[in-house]
Amino acid sequence: MVLNYIVPLVITLVLVVLFVTLCTIFLKNASEEKKLIPIKVVFFLLIALEFCKIFYLIATNGHYEPSRYPIVFCSMVMFAYPLFCFKKNRFSEVAKSFSIIPAFVIFALFVGIQWKFNMSLIQGHSYLYHGAMLAVAIYLLTSKLYKFEFKKCFPLFIVLSAYILLSTVLSLFIGGDISYFGPNSSYLGFIYNNFGYVVGNCFVVILFFVLCLSVYGIIALCQRRKKKEEVQNV
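Residues numbered from 1 in each chain as written. Predicted model: local features only at pLDDT ≥ 70, side-chain atom pairs only at ≥ 80, totals over all residues. Heavy atoms only, no water.

**Section: the overall build of the protein chain**
Argument step 1. Scanning the protein chain from N- to C-terminus turns up 11 helices and 0 strands.
Argument step 2. Starting at the N terminus and ending at the C terminus, the protein chain contains elements arranged as α-α-α-α-α-α-α-α-α-α-α.
Argument step 3. At 19 Å, the protein chain has a C-alpha radius of gyration in line with the 17 Å of a compact globule built from 234 residues.
Argument step 4. With the principal axes as the frame, the protein chain shows a C-alpha extent of 65 × 40 × 35 Å.
Argument step 5. Burial status across the protein chain gives 44% buried among its 234 residues.
Argument step 6. Look at the contacts in the protein chain between residues 6 or more apart in sequence, and 69% of them connect residues 24 or more apart.
Argument step 7. Looking at the protein chain as shown, the accessible area adds up to about 13,400 Å², and 71% of this sits on carbon and sulfur atoms.
Argument step 8. Across the protein chain, the 20 positively charged side chains and the 9 negatively charged ones have centroids separated by 6 Å. (Helix = DSSP H or I, 4+ residues; strand = E, 2+ residues; numbered from the N terminus. Rg over C-alpha atoms; globule rule 2.2 N^0.38 Å. Buried < 20%, exposed > 50% of the residue type's maximum accessible area, 1.4 Å probe, protein only. Contact = heavy atoms within 4.5 Å. Areas by Shrake-Rupley, 256 points an atom, 1.4 Å probe, with all protein chains shown as cover. Lys, Arg positive; Asp, Glu negative; His and termini not counted. Charge placed at Lys NZ, Arg CZ, Asp CG, Glu CD.)

Next up, the structure:
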């Protein structure tokens with residue numbers, strides 16, 4: 001338990017804290033372009049890790065399962081980062097949103113199940129990968145590259161819903177599991193067993209809507225209260 005779970009988790013969290021702290025402090029007064037450099041580095045790191053995972057799994061297992069394809073939920077940040085860290089465009093803000101809330105959720109889910117597995121090379125890869133996602137998510141906030149606005153929760157929800165729909169269709173088409181949302185998913189099996197596969201994923205979409213609305217709503221209320229207090233103190 002200690003060597004397989006607690007030690008790698010502590011090391012991951014230490015690396016996350018170091019990345020966020022150092023990047024935030026040293027780039028505090030830098031331009032937005034320079035603040036994005038650490039995220040660009042992480043992006044290329046994730047690409048390298050993805051290729052290493054593919055070659056490793058093929059070499060050791062002789063095949064590459066759909067649940068490991070680079071379109072699983074955990075891998076989607078690789079497609080989100082380029083939309084804002086290289087050139088600003090109309091999708092930049094929703095890409096940042098997708099890199100924050102889902103990253104926290106994914107890391108929490110990842111930590112919640114890792115105690116079941118023995119430490120291995122592929123597990124070390126997973127800790128590094130998910131830790132990098134969490135580090136970028138926190139850094140986007142501490143560097144003020146992303147600001148929470150209530151209206152941003154709706155584009156994020158649309159993107160999340162579209163991803164779940166795509167995963168559902170692809171999973172049924174290939175007869176395998178894409179990410180957590182495949183028909184044979186062990187993580188969402190209790191939902192599918194009670195509601196059915198398609199209806200179960202619709203239920204997941206509703207949960208994501210509640211999550212997005214709650215997080216952005218609470219933050220919006222806190223921001224409004226803070227502004228109100230500042231006005232009263234003037």
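**Section: the domain arrangement of the protein chain**
Argument step 1. By the assigned domains, the protein chain splits into domain 1 (1–147) and domain 2 (148–234).
Argument step 2. Computed from C-alpha coordinates alone, the two centres of domain 1 and domain 2 are separated by 19 Å.
Argument step 3. The interface is formed by 21 residues belonging to domain 1 together with 20 residues belonging to domain 2.
Argument step 4. For domain 1, the biggest contributors to the area lost against domain 2 are Phe-73, Ile-101 and Lys-147; these three give 30% of the whole.
Argument step 5. Here Glu-93 makes a salt bridge to Lys-152, at a shortest N to O gap of 2.8 Å. (Domains from an automatic or database assignment. Buried area = accessible area lost by both parts, 1.4 Å probe. Salt bridge = Lys/Arg side-chain N within 4 Å of Asp/Glu carboxyl O.)

**Focus: the environment of Gly-189**
Argument step 1. Residue position: Gly-189 is located in helix α10 (residues 189–195).
Argument step 2. Along the backbone, Gly-189 and Leu-134 are 55 residues apart, and their C-alpha atoms lie at a distance of 26 Å.

**So, the side chain of His-130**
Argument step 1. Topologically, His-130 is positioned in helix α8 (residues 121–142).
Argument step 2. Residue His-130 is classed as buried on the basis of its relative accessible area of 9%.
Argument step 3. Sequence-distant contacts of His-130, defined by excluding residues within four places in its chain, comprise Cys-74, Ile-106, Phe-107 and Phe-110.

**A look at the state of the cysteines**
Argument step 1. This model, assessed by the stated rule, comprises 0 disulfides.
Argument step 2. Counting only cysteine sulfurs, Cys-212 is the nearest neighbor of Cys-153, a cysteine outside any disulfide, at a range of 6.5 Å.
Argument step 3. Of the residues examined, Cys-212 reaches a relative accessible area of 2% and is grouped as buried. (Disulfide = S-S within 2.5 Å.)

**Description of the pattern of salt bridges**
Oppositely charged side chains are able to pair whenever their charged atoms sit close together.
Argument step 1. The final tally for this structure, using the stated rule, is 5 salt bridges.
Argument step 2. A salt bridge links Glu-149 to Lys-151; its shortest N-O distance comes to 3.7 Å.
Argument step 3. Via salt bridges that share partners, Glu-93, Lys-96, Glu-149, Lys-151 and Lys-152 belong to a single interconnected network.

**A few points about helix α7 (residues 101–113)**
Argument step 1. Relative to the 18 Å expected for 13 residues at 1.5 Å per residue, α7 spans 19 Å between its end C-alpha atoms, a close match to the ideal helical length.
Argument step 2. Ile-101, Pro-102, Ala-103, Ile-106, Phe-107, Phe-110, Val-111 and Ile-113 are the residues of α7 that are buried. (Expected span 1.5 Å × (residues − 1).)

**Topic: a positive patch on the surface**
Argument step 1. A surface patch of positive charge is lined by Lys-28, Lys-144, Lys-147 and Lys-226.
Argument step 2. Relative to the helices and strands, Lys-226 is located in helix α11 (residues 197–233). (Patch = residues over 30% accessible without salt bridge, like charges linked within 9 Å, V, L, I, M, F, W, Y side chains within 5 Å.)

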